[in-house]
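Here's the letter readout for the chains.
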Amino acid sequence: MNKVDQAVLTFDDGYFCSQAILTAFSEDLGIDKKSALKISSAFGGGVARTGDICGAVTGALMVLGLKFASDDGNNPKEKENITAVAKKFLDEFKERNNSLMCKELLDCDLNTQEGRTTFKELNLRSTHCSKYIRDCAELIEKFYIEQK
């Protein structure tokens, strides 16, 4: 199974979007699945359901950092490299989806009961979030190829 399908399947199993992305790529990055699930557990719903930056995007940034950042986190050249990769990712995701913010992507606020009800009633998990997870995983794979 490819990473894109693996991420969507993990999300479909009930995990947060951030967890679905990080765990799909975790083994390649030297992180066991259990640790990846824990690391990414607070980022679903736009960071702790605040509706801020999309959890799938946050998970993708974790993957890109683990893959492309230097072991020397204080090297200016390496900081520029990972910043450029992350910025390009964010730009491409936003180009595909018009926003990076969970509450804008879903047109509801998961930080409220009303928003969570709307999310469930409109089945946004399947109709919207799965697409954002797929987009993130596809972009990560694209960046893996481009950065070789």
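Residues numbered from 1 in each chain as written. Predicted model: local features only at pLDDT ≥ 70, side-chain atom pairs only at ≥ 80, totals over all residues. Heavy atoms only, no water.

**Regarding the packing of helix H1 (residues 3-12) against helix H2 (residues 17-26)**
- Taken N-terminus to C-terminus, the directions of H1 and H2 make an angle of 140°; their axes are 8 Å apart at the nearest point. When the axis of H1 is compared with that of H2, the two are oblique. Regarding H1 and H2, the two cross each other, and that crossing is right-handed. Residues Lys3, Gln6, Ala7, Thr10 and Phe11 of H1 lie in contact with H2, whose contacting residues are Cys17, Ala20, Ile21, Thr23, Ala24 and Phe25. (Axes fitted to C-alpha atoms, helices over the stretch in contact; angles between N-to-C directions. Helix = DSSP H or I, 4+ residues; strand = E, 2+ residues; numbered from the N terminus. Parallel < 35°, antiparallel > 145°, perpendicular 65-115°, else oblique. Left-handed = near helix turned anticlockwise from the far one by under 90°. Contact = heavy atoms within 4.5 Å.)

**Some thoughts on the pattern of salt bridges**
- The full count for this structure, using the stated rule, is seven salt bridges.
- Residue Asp28 is joined to Lys3 by a salt bridge in which the shortest nitrogen-to-oxygen separation is 3.2 Å. Of the two residues, Asp28 is situated in the loop between H2 and helix H3 (33-39) and Lys3 in helix H1; the sequence distance between them amounts to 25 residues.
- For the salt bridge of Arg134 with Asp5, the shortest nitrogen-to-oxygen distance reads 3.4 Å. Of this pair, Arg134 sits in helix H8 (residues 124-146) while Asp5 sits in helix H1, and the two are 129 residues apart along the sequence.
- Salt bridges sharing partners connect three or more residues here, namely Arg96, Lys131, Asp135 and Glu138. (Salt bridge = Lys/Arg side-chain N within 4 Å of Asp/Glu carboxyl O.)

**Regarding the side chain of Ser18**
- Within the secondary structure layout, Ser18 lies in helix H2.
- We classify Ser18 as buried; its relative accessible area is 0%.
- A polar contact is formed between the side chain of Ser18 and the backbone oxygen of Ser40, at a distance of 2.6 Å.
- Once residues lying within four places of it in the same chain are set aside, the contact partners of Ser18 are Ser40, Phe43, Gly44, Gly55, Ala56 and Gly59. (Buried < 20%, exposed > 50% of the residue type's maximum accessible area, 1.4 Å probe, protein only. Polar contact = N/O pair within 3.5 Å; in protein donor to acceptor, adjacent residues only side chain to side chain.)

**Points about the nonpolar core**
- By size, the foremost hydrophobic cluster in this structure holds 43 residues, and its most contacted members are Ile21, Phe89, Leu106 and Ile133.
- Among the elements that line this core, the one with the most residues is H8, at 10 residues. (Core = buried A, V, L, I, M, F, W, Y, C linked by side-chain atoms within 4.5 Å.)

**Overview of the packing of aromatic side chains**
- Scanning the model with the defined rule gives five aromatic pairs in all.
- Ring centres 6.0 Å apart and planes at 85° place the aromatic pair Phe68 and Tyr144 in the edge-to-face group. Here Phe68, found in helix H4 (residues 55-68), pairs with Tyr144, found in helix H8; they are 76 residues apart in sequence, far enough to count as distant. Neither residue differs from the other here; Phe68 and Tyr144 are each classed as buried.
- Ring centres of Phe89 and Phe143 lie 6.2 Å apart, and the angle between their planes is 80°; on these two criteria the pair is classed as edge-to-face. In this pair, Phe89 is assigned in helix H5 (residues 76-97) and Phe143 in helix H8, connecting sequence segments 54 residues apart. Like Phe89, the residue Phe143 is buried in the burial classification.
- Over the ring of Phe11 we find Arg125, and its NZ or CZ is 3.8 Å from the ring centre. (Phe/Tyr/Trp six-rings, centres within 6.5 Å; stacked < 30°, edge-to-face > 60°. Lys NZ or Arg CZ within 6 Å of the ring centre and 35° of its normal.)

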